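This is what each chain is made of:
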Amino acid sequence: MTSRAPPVEKARIIRDAGGNAYLEGGDGAVSAAGLNGVLALAIASAPTGITVADPSLPDCPLVFINPAFTQLTGYPPEEVLGRNCRFLQGRGTEKESVRALRLAIAAGKPITLEFTNHRRDGRRFVNELRMAPVMDEKGQLVAYIGIQHDVTARKRAEREAIKARRAAERANQEKSDFLAFMSHEVRTPLHGVMGTLALLLDTALDAEQRAYAETAQRCGATLLHTVNELLDLSRIEAGKLDVHSDPFSLADIVKDVLDLLAPAAAEKGIELSASLDHLLPGQLVGDPSRIRQVLINLTDNAVKFTHRGSVELRIAALPDGHVGFAVTDTGIGIPPKLRQSLFTRFAQADQAGEQTGSGLGLAICKRLVALMGGQIAVDSTPGRGSTFFFDLPLAHVPESGTPPPRIAPQPVLVQPLAGAHGRILLAEDGKANQLVAAAILRKAGYTVELARDGAEAAAAAESSDYDLILMDVRMPLMDGYAATRAIRAVPGPRGRVPIIAMTASVMPGDTERCTAAGMDGHLPKPLGKAELLAAVQRVLDARPRRPRVPIPEAEPGATAPLLDRETLEELRAAVGPGRLPRLISVFTAETKERVRRMHAMTDPVRIEDEAHSLKAAAATFGAIALRDAARALEDACQGGQPEEWRRILDLLPGLADRSIAAFPLARAEARAKQDREQKGR
């Protein structure tokens, strides 16, 4: 805090009728500033501090203050007049602001700034200072007028608002992160549940068993739908749901919606159709995925609450350049009191005892339509049906033709032939999901091989030919993205094998990240049987497939090469020049020690753990035969086959020695040793 200057002699202080204080001899600057006469009385009653400084006097002292300045700072006129205003500064005063003020004074320019000042009792306050120079008729500087406001409360409120906003942003981010985590943790086991139920329904069941299984399957589908809705709503509220603008075919979207919901409509005997205005173009510009999502939600609701009659989609060109969408049904209708809250979160329409859903679908529709620049509304008569309609500003694509006036659903059941063939690598670390996906694919006629982590998948893809790789994204040792990049680096056809991602994560950017890694598609878990087989069939139908032949059960390491040189060269390029020999030395030492430990073990659980580590390390260094032997040993331990794992364990030391000897470094060291021995003779 600054020290106080001695008070100015009382004889030099002049006070007017309003309480303003002048420094005797400074009335010229005050008069030049226009703060005398009638205006002085108004200034005396002003709630803001007003000062005048005289630049003609040494150190540019204050020569005028009003009563509000004394109330603001606590300084009486005797301790202010005749002093430079810097006495208000002290610890905590921002140096940048002081520098800006001095530069403005030196240049004779006005300035407005906020900085920390001190009252007479030492308390700090935030002073909003507006300072302006006063010039005479000759352009000479004669005075500075200063206006001070105490904005401490406002600044405190601003800081609290920023703090609250940041806390809200953190909470929102934490909520999004939590939902992203939970979506994966929920969707992954749900994938196993739904797939297992699909397999169960393919078996011979009596009527009671089939009813139970179908009920469980419907409940799983409902749970999945609710998880997806929660994720959509979270992304919208977090501002992370992007709306794209791309050309799209209106007829294609409508057909997708009809084909998806046709089975449910046919089961209830409901006519499902669509009509399109002849004034519409064949293509529009907008976000087709979001438009499809809204139409599916509205049409699905219409089918649910319609027991007889029809559901129709109508799309028309509106005069204002917008496109209008309407979904009309002949269902049970919605009472007026329910329509008021229909588009709010968790609002459920209990229509004739038919409350279904989570109450999120229509709220999401409303927000999606708003994000795309439109509005949504509903018109309904209880007992006679409902119409949900929305409009969107969608630009027309010139010369794109016109859509068909009527579209009817043509459901296509995806059912691969029993003789389907193709070799598929399934990279999945979850045992339940492995079992389900592999069983579905094998029952459809495909040959399926398994990889339990990304490194194993990359090694298998490099050493064998596959028609398709189904790649889980989250796996130990090497995730699906890294494994895909490693496969894409393989020269020749093996590096161009189609790869489809399978992931329970459906957060923004997941699809783009898969594409950037080199994947050809993205399937969200849980996968239904139809969706999985349809995705596989689409890929395999686009390329020649390999004949379906059983994989020979060879002795571990007997037919595979000891060393894959391409893997070794890629590893050399990845680690940089001069580092590979050291890494090979570490690998060989660890492998010898690991094999020695394993050979002395009798617990299959411990052997399995060691075999798993050996398999991954061997795959990284291209020791293919050793990798296959470790994999076979791991499988034998997992399968409870003591005779088999003991047999493999007995063969492992010799195979490890031959694999290590196959490395160029090992051969070079052997030749050098031989040369030394010959010279010694």
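Quick summary incoming for the structure in this document. (Residues numbered from 1 in each chain as written. Predicted model: local features only at pLDDT ≥ 70, side-chain atom pairs only at ≥ 80, totals over all residues. Heavy atoms only, no water.)

Overview of helix α4 (residues 95-107)
Step number 1: The end-to-end C-alpha distance of α4 is 18 Å, a good match for the 18 Å that 13 residues give at a rise of 1.5 Å each.
Step number 2: For α4, every residue scored as buried is listed here: Ser97, Val98, Leu101 and Ala104. All buried residues of α4 lie within an arc of 125 degrees about the axis, which places them on one face of the element. Set apart from the buried face of α4 by more than 90 degrees, the exposed residues are Lys95, Glu96, Arg99, Arg102 and Ala106.
Step number 3: Buried residues in α4 make contact with β5 (111-118) and β6 (124-135).
Step number 4: At the C-terminal side of α4, Gly108 shows a positive phi close to 65 degrees. (Helix = DSSP H or I, 4+ residues; strand = E, 2+ residues; numbered from the N terminus. Expected span 1.5 Å × (residues − 1). Buried < 20%, exposed > 50% of the residue type's maximum accessible area, 1.4 Å probe, protein only. Arc of directions from axis to C-beta. Contact = heavy atoms within 4.5 Å.)

Digging into the nonpolar core
Step number 1: By size, the foremost hydrophobic cluster in this structure holds 44 residues, and its most contacted members are Leu295, Leu298, Phe325 and Phe390.
Step number 2: Within the residue set of this core, elements represented by two or more residues are α7 (250-268), β9 (271-276), α8 (288-304), β11 (310-317), β12 (322-329), α10 (361-371), β13 (375-381) and β14 (385-393).
Step number 3: It is α7 that provides the largest number of residues to this core, a total of 8 residues.
Step number 4: In contact with Phe390, other than residues within four places in its own chain, are Val294, Leu295, Leu298, Val323, Gly324, Phe325, Val369, Gln375 and Ile376. (Core = buried A, V, L, I, M, F, W, Y, C linked by side-chain atoms within 4.5 Å.)

Observations regarding the environment of Glu399
Step number 1: With respect to the helices, strands and loops of the structure, Glu399 is situated in the loop between β15 (395-396) and β16 (406-407).
Step number 2: For the pair Glu399 and Gln283, spaced 116 residues apart in sequence, the C-alpha separation works out to 8.9 Å.

A short note on the packing of aromatic side chains
Step number 1: Overall, the coordinates contain 4 aromatic pairs when judged by the stated rule.
Step number 2: Ring centres 5.1 Å apart and planes at 65 degrees place the aromatic pair Tyr22 and Phe64 in the edge-to-face group. One end of the pair, Tyr22, is in strand β2 (residues 21-23); the other, Phe64, is in strand β4 (residues 62-65), with 42 residues separating them in the sequence. Like Phe64, Tyr22 is buried.
Step number 3: Between Tyr75 and Phe87, the ring centres sit 4.9 Å apart and the planes meet at 75 degrees, which makes this aromatic pair edge-to-face. With Tyr75 in the loop between α3 (67-73) and α4 and Phe87 in the loop between α3 and α4, this pair connects stretches of sequence that are 12 residues apart. (Phe/Tyr/Trp six-rings, centres within 6.5 Å; stacked < 30°, edge-to-face > 60°.)

Some thoughts on helix α12 (residues 454-463)
Step number 1: Most of α12 sits out of view: 9 of its 10 residues are buried.
Step number 2: When α12 is considered as a whole, its buried residues turn out to be Gly454, Ala455, Glu456, Ala457, Ala458, Ala459, Ala460, Ala461 and Glu462.
Step number 3: A side-chain oxygen of the first residue of α12 lies 3.2 Å from the backbone nitrogen of Ala455; this N-cap is Asp453. (Polar contact = N/O pair within 3.5 Å; in protein donor to acceptor, adjacent residues only side chain to side chain.)

Let's talk about the pattern of salt bridges
Step number 1: Considering all chains together, one arrives at 28 salt bridges under this definition.
Step number 2: Residue Arg597 is joined to Glu593 by a salt bridge in which the shortest nitrogen-to-oxygen separation is 3.9 Å. Here Arg597 and its partner Glu593 are both found in helix α17 (residues 580-599), 4 residues apart, which amounts to about one turn of the helix.
Step number 3: Among the residues examined, Glu593 registers a relative accessible area of 33% and is labelled partly exposed. (Salt bridge = Lys/Arg side-chain N within 4 Å of Asp/Glu carboxyl O.)

The quantities given are spatial measurements derived from coordinates; they are silent on function.
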